[in-house]
Amino acid sequence: MFLSESDDELEELHSDLDSESECSLDEEEYVPRGLARGSDQDDFSDEDSSDEEWASKPKRKVSRKRCCSVSASPVSSPLKSPSRKQEVSPCRKKLRYASTPKKDTSTPNSGKTLSSPRGKNKSCKPAEKKVVIEEEDDVDGDRWCNIDEEDVEPLQPRFRPDRDVGPQLNRTANYTPLELFQLFFSMTVINTLVKNTNAYGKNKYQGQKESWVPVTTADMYSFICLVLYMGIVPLKTLKEFWRGSKLFSLPFPASVMPCRRFLAISRSLHMNDPAVEMANEQKKGTSGYDRLCKIKPLYGQILEACYTFFHPYQHISIDERMVASKARISFKQYIKSKPTKWGFKLFVLADSSCGYTLNFFVYVGREGVSSGKGVSYDAVMRLLKIPFLGKGYKLYTDNFYTSPTLSLDLLQRKIWCVGTLRSNVAGYPRTKRNAMPEKTPRGTLRWIRKGRLLFVKWLDTREVTMCSTLHKAYSNEMVKRKVKDADGQWRVKEVPVPGCIKDYNQHMGGVDLSDALISYYNVLHKTHKWYKTLFYHFVDIATVNAFILHKGMCKLQNRPMLKQKNFREQLIVALAEIGSTPRRSGPQNFMLPASPFKVPPASPSIVPANAAPCPSAELPDAPGVGHLPAYFVEQMTNVAPKDRATAGRRACVVCKRKSPVYCSTCQKTLCFTTLRNCYSEWHRDNRICV
């Protein structure tokens, strides 16, 4: 179907309008070689290493050839090719904004009217298509290179730490597990815990039936000792550690601290001053409110000890750590891909070789002044703010942190970065030229270098994308993989692997190694308070770091190393020795004969008049045998097992409290517990037994 004469004239007018506006742009606004002005040109200079590298690329020749081929093609009407119209329309819209021609007016540069000859309009058509195609080339970027194309190996970093790597201790001394643990839980930390726990316990027990017994330094050491012991011997509830049944016969906890005392300290445990916490609660809802106020003193002291007593080796890694908790707190996180899905998220910097925790912080959401480059960027920069770190470190991160912006900024600080990369991050090459096809054999590799950044794609079981500032694309390294042959049989085959992926697999597991060492004997147990969960995690960090320091010192001195369980056992025994002593001794071995009570050599006149008649008291030379405690429930029948501890209780003759124990000889009700030993007191006061 042919257009009418009037329609043909109308089409001619539209084509003249477009061509004149685009020709005027070619004369004024158009920048050759596909480079636009302003921010577009700055973006290209940021991606490339220099203007000379951009000018030396063969991109211009390709675009010029493509333009020649397009100019030779016949010109089609936009009405007849809607797909071409849809493709060119964004560029035309941009050009009309630049020229803004109006009806019945001439363009500013050419001075020609809309009724220009058709031949001149055709001369401007190729320029229009040249602008469109070169803009597409700029979006595509460079091409992906194959494995056989040679890459330039960047300069390797020179490792210059500010201190000697490894433990920052006297390398000739022999440190015990207790001394290494006290590097993190020093006397300052213990005194802070004691002071704040006493302040909170005094307020909590005020007005109650039981008064608060102040906690001493020895009590706090005994408390931490039992916390570590519960990590080695885990039970369902805390009270089961003090049960005396055949199934739960554990003499050690009762020999260190009574159950009531341990529970009282656990309920009142505080790391910050209650007055400071109350002042912080007044600021809730304002910018001055501190969400981590309850853990702040201990939090800062543990952090300072972590990076003071150890200097990392060259390879370090950053990752997240989840501390299990279901507390009702706003900064509790949920991460689906983690084994521990609910809890507090910690960003951790660890040494890749030994798993030592160098630095960490608890993530509570966006706080402070943001850099505008993302949460992951701010987390990495915050973790690397360690004094006396040095230069030449190799940092390994996963795809949550890695970005071209982060890699370039770390290079300015002399830290080289390697990590997996997400394909939608800013700065990632968008080109599809020579990209990896869908069905390709295992071990296929593609790479692009942009200045000092190397982007690598490698196909393993799935496609892996990497970004590195210290590797070359391929260094003739191979790795063994199972590959299915044409017959359908699986066979081991060597496939090429990039050097950045091989180093990443070797050095990325620093935080995972630290998590594994913590999880073997984790001291974390259920609690109603969120800050106690983090306190138990701080104990885990201190214990594992102390164990790593022990391994480092043994390696320097060529001494045999302890395993972590043996290290913890020695630490628990040492803490129990410097801890408090309970009012009664722990359960004894009942297979041994018990020593009988002895009567002092005194005359009967010394015995008070109100003393009960005692057969052994009338015989001064006879030993005081027979004064053994007994339970009232032993003479009762049909008593349920759950009521045997309280059945038949009577008032004690000394303290007037209820007691199920009496003297089998004197027939006096007397208390015989961990807190009240009225049995011994009454017999000593009456000069019956020593």
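Residues numbered from 1 in each chain as written. Predicted model: local features only at pLDDT ≥ 70, side-chain atom pairs only at ≥ 80, totals over all residues. Heavy atoms only, no water.

**Q** Hey, could you run me through the overall build of the protein in this one?
**A** Along the protein, the regular secondary structure elements total 20 helices and 19 strands. As displayed, the protein offers around 38,800 Å² of accessible surface, 53% of which is attributable to carbon and sulfur atoms. (Helix = DSSP H or I, 4+ residues; strand = E, 2+ residues; numbered from the N terminus. Areas by Shrake-Rupley, 256 points an atom, 1.4 Å probe, with all protein chains shown as cover.)

**Q** Looking at this structure, I do not really get the pattern of salt bridges. What am I missing?
**A** When the charged atoms of two side chains lie near each other, side chains of opposite charge can form a pair. Summed over all chains, the structure comprises twelve salt bridges. Glutamate 149 serves as the salt-bridge partner of arginine 143, at 3.3 Å between the closest nitrogen and oxygen. Exposure remark for arginine 143: the relative accessible area of 33% places this residue in the partly exposed category. The partly exposed category is assigned to glutamate 149, whose relative accessible area is 28%. Of the charged contacts in the structure, one is a salt bridge between arginine 442 and aspartate 460, with a shortest N-O distance of 2.9 Å. Here arginine 442 is found in the loop between strand S10 (415–420) and strand S11 (445–450), whereas its partner aspartate 460 is found in the loop between strand S12 (453–459) and strand S13 (463–468), with 18 residues between them in sequence. Owing to a relative accessible area of 17%, aspartate 460 belongs among the buried residues under this scheme. (Salt bridge = Lys/Arg side-chain N within 4 Å of Asp/Glu carboxyl O. Buried < 20%, exposed > 50% of the residue type's maximum accessible area, 1.4 Å probe, protein only.)

**Q** Before we go on, may I ask you to explain the pairing of S10 in this structure?
**A** On a regular strand, each side chain points to the face opposite its neighbour's, so the side chains alternate between the two faces of the sheet. Most of S10 is tucked away: six of the six residues are buried. Neither face of S10 is open: one carries Ile415, Cys417 and Gly419, the other Trp416, Val418 and Thr420, and all of them are buried. Taking the sense of rotation as the criterion, the β-α-β connection linking strand S9 (residues 393–397), helix H15 (residues 404–412) and S10 turns out right-handed. Relative to S13, S10 runs antiparallel, the two being bridged by three bridges. (Right-handed = clockwise from strand over helix to strand, strands pointing away. Pairing = 2+ DSSP bridges.)

**Q** When you look at the environment of glutamate 210 in this model, what are you seeing that I'm missing?
**A** Tracing the sequence through the fold places glutamate 210 in the loop between helix H8 (187–204) and helix H9 (217–232). Residue classification places glutamate 210 among the partly exposed residues on the basis of a relative accessible area of 49%. The contacts of glutamate 210, once residues within four sequence positions are left out, are Tyr205 and Arg260. (Contact = heavy atoms within 4.5 Å.)

**Q** Would you explain the side chain of aspartate 540 in this entry?
**A** Structurally, the position occupied by aspartate 540 is in helix H18 (residues 530–557). Among buried charged residues, aspartate 540 stands out as having no salt bridge; its nearest opposite-charge side chain is arginine 568, 4.1 Å away. Sequence-distant contacts of aspartate 540, that is, excluding residues within four places in its chain, are made with Ile518, Tyr521, Asn522, Val523, Leu524 and Arg568. (Lys, Arg positive; Asp, Glu negative; His and termini not counted.)

**Q** What should I look at first to understand the side chain of histidine 311 in this one?
**A** One can find histidine 311 in strand S3 (residues 310–311). Here the side chain of histidine 311 touches leucine 389 through a polar contact of 3.0 Å, landing on its backbone oxygen. Not counting the four nearest positions on each side in its chain, histidine 311 is found in contact with Pro161, Asp162, Arg163, Asp164, Val165, Gly166, Gln168, Phe388, Leu389 and Tyr393. (Polar contact = N/O pair within 3.5 Å; in protein donor to acceptor, adjacent residues only side chain to side chain.)

**Q** Teacher, can you tell me more about H15 here?
**A** Along an α-helix, residues three or four positions apart point the same way, because every turn accommodates 3.6 residues. Where H15 is concerned, the buried positions are Pro404, Leu406, Ser407, Asp409, Leu410 and Leu411. Contact partners of the buried residues in H15: helix H14 (375–383), S9, S10, S12 and S13. Just beyond H15, the residue with positive phi is lysine 414, at close to 60 degrees.

**Q** Is there a simple way to think about the environment of tyrosine 229 in this case?
**A** Structurally, the position occupied by tyrosine 229 is in helix H9. Look at tyrosine 229 and you get buried, because its relative accessible area is 13%. As for tyrosine 229 and tyrosine 521, which are separated by 292 residues in sequence, their C-alpha atoms are 9.2 Å apart. Among residues more than four places away in sequence, those in contact with tyrosine 229 are Phe241, Leu250, Phe252, Pro253 and Ile572.

**Q** Explain the packing of aromatic side chains here, please?
**A** Any two aromatic rings considered together are summarised by their centre-to-centre distance and by the angle between their planes. Taken as a whole, this structure holds 30 aromatic pairs when the rule is applied. Relative to tryptophan 212, the ring of tyrosine 205 lies with its centre 5.5 Å away and its plane at 35 degrees, an arrangement referred to as tilted. Residues phenylalanine 347 and tyrosine 363 carry aromatic rings whose centres are separated by 5.6 Å and whose planes lie at 85 degrees to one another, so their mutual orientation is edge-to-face. In this pair, phenylalanine 347 sits in strand S6 (residues 342–351) while tyrosine 363 sits in the loop between strand S7 (357–362) and H14, placing the two residues 16 residues apart along the sequence. Of the aromatic side chains, those joined through ring pairs into one cluster are Phe223, Tyr229, Phe241, Trp242, Phe252 and Phe262. Taking NZ or CZ as reference, lysine 345 lies 4.8 Å from the ring centre of tyrosine 363, over its face. The residue whose ring lies beneath arginine 382 is phenylalanine 361, and the NZ or CZ to ring-centre distance is 4.0 Å. (Phe/Tyr/Trp six-rings, centres within 6.5 Å; stacked < 30°, edge-to-face > 60°. Lys NZ or Arg CZ within 6 Å of the ring centre and 35° of its normal.)

**Q** How should I be thinking about the nonpolar core in this particular structure?
**A** As a rule of thumb, nonpolar side chains are buried together in soluble globular proteins. Grouped together as the largest cluster of nonpolar side chains are 105 residues, with contacts concentrated most on Phe184, Phe185, Phe223, Phe360 and Phe535. Residue contributions to this core peak at 15 residues, all from H18. Structurally, this core is a two-domain feature, drawing no fewer than three residues from each of domain 1 (177–275 + 526–580) and domain 2 (312–520). Those residues in contact with phenylalanine 360, other than ones at most four positions away along the chain, are Tyr299, Ile302, Leu303, Cys306, Leu346, Phe347, Val348, Leu383, Phe538 and Ile541. (Core = buried A, V, L, I, M, F, W, Y, C linked by side-chain atoms within 4.5 Å. Domains from an automatic or database assignment.)

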